[in-house]
Amino acid sequence: MTRMTTRVLAGVGGILATVALALAPSVAASAHDYLVSTSPASGATQTDPLTQVKLTFNDRVLDLGGDGSSAILRVTDASGKHYETGCPTILDAAVSAPVALGAAGDYAVDWQVVSADGHTVSGTYGFTYQPPAGTSAAPGRTGPGCAARSNVVATPGAAAPAPTSTVSTAAPTTASSGNDLGLVIGIAIGIVVLALIGVTILLLTRKRPQPTEDPDTPANRT
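Note that the structure is a prediction, hence the values are computed from the model and not measured. (Residues numbered from 1 in each chain as written. Predicted model: local features only at pLDDT ≥ 70, side-chain atom pairs only at ≥ 80, totals over all residues. Heavy atoms only, no water.)

A. The arrangement of unusual backbone geometry in detail. That bond from Ser39 to Pro40 is cis: its omega, 0 degrees, falls within 30 degrees of zero. By the secondary structure assignment, Pro40 is in the loop between strand S1 (35-39) and strand S2 (45-46). Phi is positive for Asp92, which is not a glycine, with a value near 60 degrees. Looking at the element boundaries, Asp92 is found in the loop between strand S5 (89-91) and strand S6 (94-98). According to the relative accessible area criterion, Asp92 is exposed, its value standing at 56%. (Helix = DSSP H or I, 4+ residues; strand = E, 2+ residues; numbered from the N terminus. Buried < 20%, exposed > 50% of the residue type's maximum accessible area, 1.4 Å probe, protein only.)

B. Structural detail: the environment of Pro139. Within the secondary structure layout, Pro139 lies in the loop between strand S8 (120-129) and helix H2 (175-205). Taking the relative accessible area as the measure of exposure, Pro139 reaches 66% and is therefore exposed. For the pair Pro139 and Leu101, spaced 38 residues apart in sequence, the C-alpha to C-alpha distance is 8.1 Å. Beyond its immediate stretch of four places on either side in the chain, Pro139 contacts Lys81 and Tyr83. (Contact = heavy atoms within 4.5 Å.)

C. Here's a closer look at the state of the cysteines. One pass over the full model with this rule turns up 1 disulfide. Each disulfide pairs two cysteine sulfurs, and for Cys87 the partner residue is Cys146, the sulfurs being separated by 1.9 Å. Its torsion about the S-S bond being 90 degrees, the disulfide of Cys87 and Cys146 is classed as right-handed. You can see Cys87 sitting in the loop between strand S4 (72-77) and S5 and its partner Cys146 sitting in the loop between S8 and H2, a full 59 residues away along the chain. Assessed through its relative accessible area of 7%, Cys146 is described here as buried. (Disulfide = S-S within 2.5 Å.)

D. Quick look at the nonpolar core. One finds Val53 and Phe127 to be the most contacted residues of the largest nonpolar core, which totals 23 residues. Contributions of two or more residues to this core are made by strand S3 (52-57), S4, S6, strand S7 (105-114) and S8. Discounting residues that sit within four places of it in the chain, Val53 has contacts with Ser39, Pro40, Leu73, Val75, Val95, Ser96, Ala97, Val99, Val109 and Tyr125. (Core = buried A, V, L, I, M, F, W, Y, C linked by side-chain atoms within 4.5 Å.)

E. View of the sheet that holds S7. With mixed pairing, 4 strands are arranged side by side in an open sheet as S2-S8-S7-S4. If you trace the sheet from one side to the other, it starts and ends with S2 and S4, each paired once. Note that S7 and S8 share 10 bridges and pair antiparallel. Counted as the bridge partner of Gly105 is Tyr129 from S8. (Pairing = 2+ DSSP bridges.)

Here is the structure:
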């Protein structure tokens, strides 16, 4: 490999490394927090009396007010009554709220948090409550149990903000983050291809050294 070729390849390597470092923050920023586990689990049947609902995310949840006020966690039955008895608590990647469930039946958990990248994500999942016979049933409330934040998310029957994340144990596949990531990857691939084409053209068109004629060859003797 000639000295010129080595310099060219080193230059291309530097360009690609710079591009990779520049694109890394964009890729990281396109990923919102997503649920990795819930208690009760989504679709599960809860047979023991429940005192709290807990959500665990893949990354820390931002506590913008320092008191859990930036999160919402509500538990409702089929009639729309609320069974959360207080406001959410945020602890790193976990968000929980106290509950006192009513009669046996299906319940929905509605949540909204601010993910580590600063974006608001929300979702809904359900579980079934089948307590032992004789378990006392809470009467429930007609409004949210965390009254101070009742204006953040619409009450049942009203228009609610569309969720940007759903219950999942895998990386989120929302349209916005997927499109952003695809665009970043496409740009990176295009830059790499252009760089390789440039190196190929340079190597093919560079001048080759001309052989030096030997003065002692028969053609050069007089």
